[in-house]
Every structure is written in structure tokens, then in C-alpha cells.
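Okay, here's what each chain looks like letter by letter:
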Amino acid sequence: AIISIGTDGGIISFNPAAERIFGKQAGMMMDRLLSDLFPPEIPDRTRDLIRQVGQGKAVFRDEGVFLRSDGTRIHLSITATPIPKNPALPESISITARDISDQKAREDMLKMMNLKQQLLTSITRHDIRNDLHILMSYCAILAEKISDPEIKRLVLIIGGQSEKINGQLQFMETYESL
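Residues numbered from 1 in each chain as written. Predicted model: local features only at pLDDT ≥ 70, side-chain atom pairs only at ≥ 80, totals over all residues. Heavy atoms only, no water.

Caption draft 1: Up close: the overall build of the chain. A count of helices and strands for the chain gives 5 helices and 5 strands. Each helix and strand of the chain, ordered N terminal to C terminal, gives the series β-β-α-α-α-β-β-β-α-α. In terms of C-alpha radius of gyration, the chain reaches 31 Å, well past the compact-globule figure of 16 Å for 178 residues. Its C-alpha atoms give the chain principal-axis dimensions of about 105 × 35 × 25 Å. A total of 178 residues make up the chain; the buried ones form 31% of that total. The long-range fraction of contacts in the chain, counting pairs at least 24 apart against all pairs at least 6 apart in sequence, stands at 47%. For the chain, the accessible area works out to roughly 11700 Å², and carbon and sulfur atoms hold 59% of it. Charge separation in the chain, taken as the distance between the mean sites of 22 positive and 23 negative side-chain charges, equals 3 Å. (Helix = DSSP H or I, 4+ residues; strand = E, 2+ residues; numbered from the N terminus. Rg over C-alpha atoms; globule rule 2.2 N^0.38 Å. Buried < 20%, exposed > 50% of the residue type's maximum accessible area, 1.4 Å probe, protein only. Contact = heavy atoms within 4.5 Å. Areas by Shrake-Rupley, 256 points an atom, 1.4 Å probe, with all protein chains shown as cover. Lys, Arg positive; Asp, Glu negative; His and termini not counted. Charge placed at Lys NZ, Arg CZ, Asp CG, Glu CD.)

As C-alpha cells, then:
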């Protein structure tokens, strides 16, 4: 979508792609404000956009939530650039908008999947650690009660390997928190 706005934030042009993305006819958008495309609870960032482009920033990039005519919220990636001054036209800014709603939905899904995976890993690690401590306790009890040196040696090996596994679980926990 390509939308042109004046330095007052008023919409000067609204191309057919903008009509499709926002579900609004160009004629309805003329002389309306860019802020009319934001959901009511989201602060208007038009002034910031105009200020930054006006301060000589050749390109202003941002992402945000916008509102379609049916009330659907869409995520857009926008790029704003000043339109070269022309005596026949007022000073204005060109805004190119690209719908990134699907990308944002995938990112949100990935975040949720990561949180669930972390929870599952944490619970599994906790259960393994509990079972391991029981195993290590029984090994210690057996090592005290067994008189056969060969069996005692084997029990101590099992206990030592259990300690090693416990250390690996601790290592996993440390790196998961990173």
C-alpha cells in the first residue's frame, strides 16, 4: 500500500493496494488523518513519523497495528520517506505499508511453542531429578549394607553415574535459562 500524507497528517493519496489492505475506498480517505487508521487505544505516532522525516531522516521504518474497516487488526511494516519538494504540491510524505500479520502470527505461535517446550523440559527435568535422587539414596543405603566387595563396587559405580547424570541435568538447566 502507498499512502501520501501532508505534514499535518492528513491523507493526500491512497492507492488501490491501500484500499485492499484497509478495506476503505480512496475517496473516503481523502482529507482524513493517518491516525484514523490506528485502533483507538493505540497512541498516534503520526507526529513522531512527521518529525523524524522532517528532521532529514531519509527513511523512517516502523511496525505497528492498524485497523481495517471491518475492525480487524492488521500488523503493518511501514516505510516513510519525504516526497521531493515541488512548488505545485504541498510538502508531503510517502508511506509504504506491507501487511506482516501472518509473520506476526507465526512469531507469536513460535513464542508460545517455546514457552510450552521450556515448561515441558522443566517438568521433565524435575521428575528425572526426583527419580535420580531416589536411585542415589538407595545406592548409598545398599553400599552401607553390602559386604561383598564386587557388588559394593558396582553399586558405587551406579551411584557415581547417577551423580554424573545429575550434573548434566544441572548443566541443562543453566543453559536453558540463557
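Caption draft 2: Inspection of the sheet that holds strand β3 (residues 60-67) at higher detail. One open sheet accounts for 5 strands, arranged β2-β1-β5-β4-β3; its pairing is antiparallel. Edge positions in the open sheet fall to β2 (11-14) and β3, since each of these has one partner strand only. Recorded for the sheet is a direction-independent mean angle of 30° between the axes of neighbouring strands. In this sheet, strand β4 (residues 73-83) lies alongside β3 in antiparallel orientation, the contact comprising 8 bridges. Paired with aspartate 62 across the bridge in β4 is isoleucine 78. In the packing of helix α3 (residues 46-54) onto the sheet, contacts are made with β1 (2-6), β3, β4 and β5 (92-99), and the angle to β4 comes to roughly 30°. Against the sheet, helix α4 (residues 101-145) contacts β3, β4 and β5, and its axis sits at roughly 125° relative to β4. (Pairing = 2+ DSSP bridges. Axes fitted to C-alpha atoms, helices over the stretch in contact; angles between N-to-C directions.)

Caption draft 3: Structural context of the nonpolar core. Ranked by internal contacts, the top residues of the largest apolar core, which has 26 residues, are Ile5, Phe14, Phe22, Leu37 and Leu49. Elements supplying a minimum of two residues to this core: β1, β2, α1 (16-22), α2 (26-29), α3, β3, β4 and β5. (Core = buried A, V, L, I, M, F, W, Y, C linked by side-chain atoms within 4.5 Å.)

Caption draft 4: Representation of the packing of aromatic side chains in the model. Summed over all chains, the structure comprises 4 aromatic pairs. On the basis of an interplanar angle of 75° and a centroid distance of 6.2 Å, the ring pair of phenylalanine 22 and phenylalanine 66 is categorised as edge-to-face. Here the residue phenylalanine 22 occupies a position in helix α1, and phenylalanine 66 occupies one in strand β3, the gap between them amounting to 44 residues. Ring geometry for phenylalanine 38 and phenylalanine 66: centres 5.0 Å apart, planes at 45°, overall tilted. Residue phenylalanine 38 is found in the loop between α2 and α3, and its partner phenylalanine 66 is found in strand β3; the two are separated by 28 residues along the sequence. (Phe/Tyr/Trp six-rings, centres within 6.5 Å; stacked < 30°, edge-to-face > 60°.)

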